[in-house]
Amino acid sequence: MLSTSNEDHQRQPEASNITHTAEGSSSESDLAHELSIEVSYEDTYDTLIFLGVSFIFGEIAYHCGIPPLVGQIIAGFLLGPPLADYVPFPQAMVLLGDLGLILLLVEAGVELDVALVKEAGIRPLLIALTGSIIPFGIGLGITLAQGDQSIKSAIASGACFSPTSLGVAANALSGGKALNTPVGQLIVASAVIDDMIGLIILSMLEVLVLDNPPLFSYFIPIISAVGWLVLLGVAALTIIPHIVEKVILPRFKPETRPYVAFALLWLLVLAYLPMMYYTKASYLTGAFLAGLSFSQVGGVHHTFVTEAGPVMEWLLRIFFSASIGFQVPIKMFGNKSVIAWGFAFYASVLGKLPIGMFAPKYEDDTRPANYPFNPFTRDVIITSVAMTCRGEFNFIIAAFGIGNGLLDPE
């Protein structure tokens, strides 16, 4: 018995040493894992292939006379989860694409010509309201016409076709050299309001899926969106430019002022995004309003184009190929029912075409001799077509409806 006991006492320290060694090894392994974030060669190579194909397809589309974003979207659904599922880390790609969208909206705000928007008057509001109500009503009616859909499903279907994509419209206008024209600025202002309406509708859908929500829940998104637009819009046009140009920038050397203003712009972006998001407004509207606050500050636009332009260009390629392309359910396109109802619902998109008649007829006709188009007719067509652009909000609303049982996946 004594010898056995002694053997046990001898084994205990050995077992203890083994335990401590194992714990130490595990701790070192965890630390090594925390300090080393690696990806495989295959994932790196596949990502390069995806980026290259997106670039090439965009260039092919451009040389065929159509917007590059069309080729980029095609590359996205061919190589992404909808079909080949070749692209690694698709969620990370969508994240990068959304960053590109934020940059695009900041640039749209910085480039907005305040004088042209003032000249347009109430037209952007009329375009946005009409362009939201008509497609919503058509989509709701088509859904109810199926006979087996609830009113909540009909509301969700109509909501999918209501918003205009500011990101897609701005990119198409920029590619056609029309973004900084009077009609281009009119469309940007209209699309901003349109996106706000889309977010309000999405917030309404979030209330619809709740059981017995309080009445005030329906009004919070409207109050928040309109309140921030008025408050921050006025500040962007009056208070902020005055403080930046008269109070802050004079404290710095002239050669550094554009970079100081650029840094202040990003601080405002970082402040507006969460402020909008957590008050049930659109964080994308926050990005636009931050840019608008610096639209009258000298040197900011040039600095933005120089510093952020090349990065934004690549992030937007990823946005159209991943954030949008990955959402296209290409495998369902072989279903006859999907094709038939798809064409039927396209009537909702066409419902935006009449709003082109809200385009103003500008008095200064400076067209050259033998110019083939009447400028007013051109502006009506551009407004109509640009406001039919579908994009991020449409997919977000559709995905929400499917995830909460309001919409059938087909």
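Above this text sits the structure in question.
Residues numbered from 1 in each chain as written. Predicted model: local features only at pLDDT ≥ 70, side-chain atom pairs only at ≥ 80, totals over all residues. Heavy atoms only, no water.

With that settled, the discussion passes to a nonpolar patch on the surface. A contiguous nonpolar surface patch, about 660 Å² in accessible area, is contributed by Leu215, Phe219, Ile222, Ile223, Val226, Val230 and Val234. Relative to the helices and strands, valine 234 resides in helix H10 (residues 220–248). (Patch = residues over 30% accessible without salt bridge, like charges linked within 9 Å, V, L, I, M, F, W, Y side chains within 5 Å. Areas by Shrake-Rupley, 256 points an atom, 1.4 Å probe, with all protein chains shown as cover. Salt bridge = Lys/Arg side-chain N within 4 Å of Asp/Glu carboxyl O. Helix = DSSP H or I, 4+ residues; strand = E, 2+ residues; numbered from the N terminus.)

Attention now moves to helix H12 (residues 283–292). Where burial is concerned, most of H12 is hidden: nine out of the 10 residues are buried. The complete set of buried residues in H12 reads Leu284, Thr285, Gly286, Ala287, Phe288, Leu289, Ala290, Gly291 and Leu292. (Buried < 20%, exposed > 50% of the residue type's maximum accessible area, 1.4 Å probe, protein only.)

By size, the foremost hydrophobic cluster in this structure holds 68 residues, and its most contacted members are Val106, Leu265, Phe288, Phe294 and Phe320. No other element matches the nine residues that helix H11 (residues 257–277) contributes to this core. When neighbours within four sequence positions are excluded, phenylalanine 288 is seen to be in contact with Leu105, Ala108, Gly109, Leu112, Val188 and Val192. (Core = buried A, V, L, I, M, F, W, Y, C linked by side-chain atoms within 4.5 Å. Contact = heavy atoms within 4.5 Å.)

Right, let's get into unusual backbone geometry. For aspartate 85, which is not glycine, the phi torsion reads 50° and is therefore positive. Among the secondary structure elements, aspartate 85 is positioned in the loop between helix H3 (68–79) and helix H4 (90–111).

To continue, consider the pattern of salt bridges. Counted according to the given criterion, the structure contains three salt bridges. The partner of arginine 317 in a salt bridge is glutamate 313, with the nearest N and O atoms 3.2 Å apart. Here the residue arginine 317 and the residue glutamate 313 both occupy positions in helix H14 (residues 309–324), the gap between them amounting to four residues, near one helical turn. Looking at glutamate 313, the relative accessible area reads 45%, which means it is partly exposed. We note a salt bridge from aspartate 379 to arginine 378, for which the minimum N-O separation is 3.1 Å. We classify aspartate 379 as buried; its relative accessible area is 5%.

Moving on, we come to the packing of H10 against H11. Interhelical geometry of H10 versus H11 gives an angle of 160° and a closest axis separation of 13 Å. By the angle class used here, H10 and H11 are roughly antiparallel. Helix-helix and strand crossings are classified by hand; for H10 and H11 the assignment is right-handed. From H10, Trp228, Leu232, Ile240, Val244 and Ile248 reach across to H11, where they touch Leu264, Leu268, Tyr272, Met275 and Met276. (Axes fitted to C-alpha atoms, helices over the stretch in contact; angles between N-to-C directions. Parallel < 35°, antiparallel > 145°, perpendicular 65-115°, else oblique. Left-handed = near helix turned anticlockwise from the far one by under 90°.)

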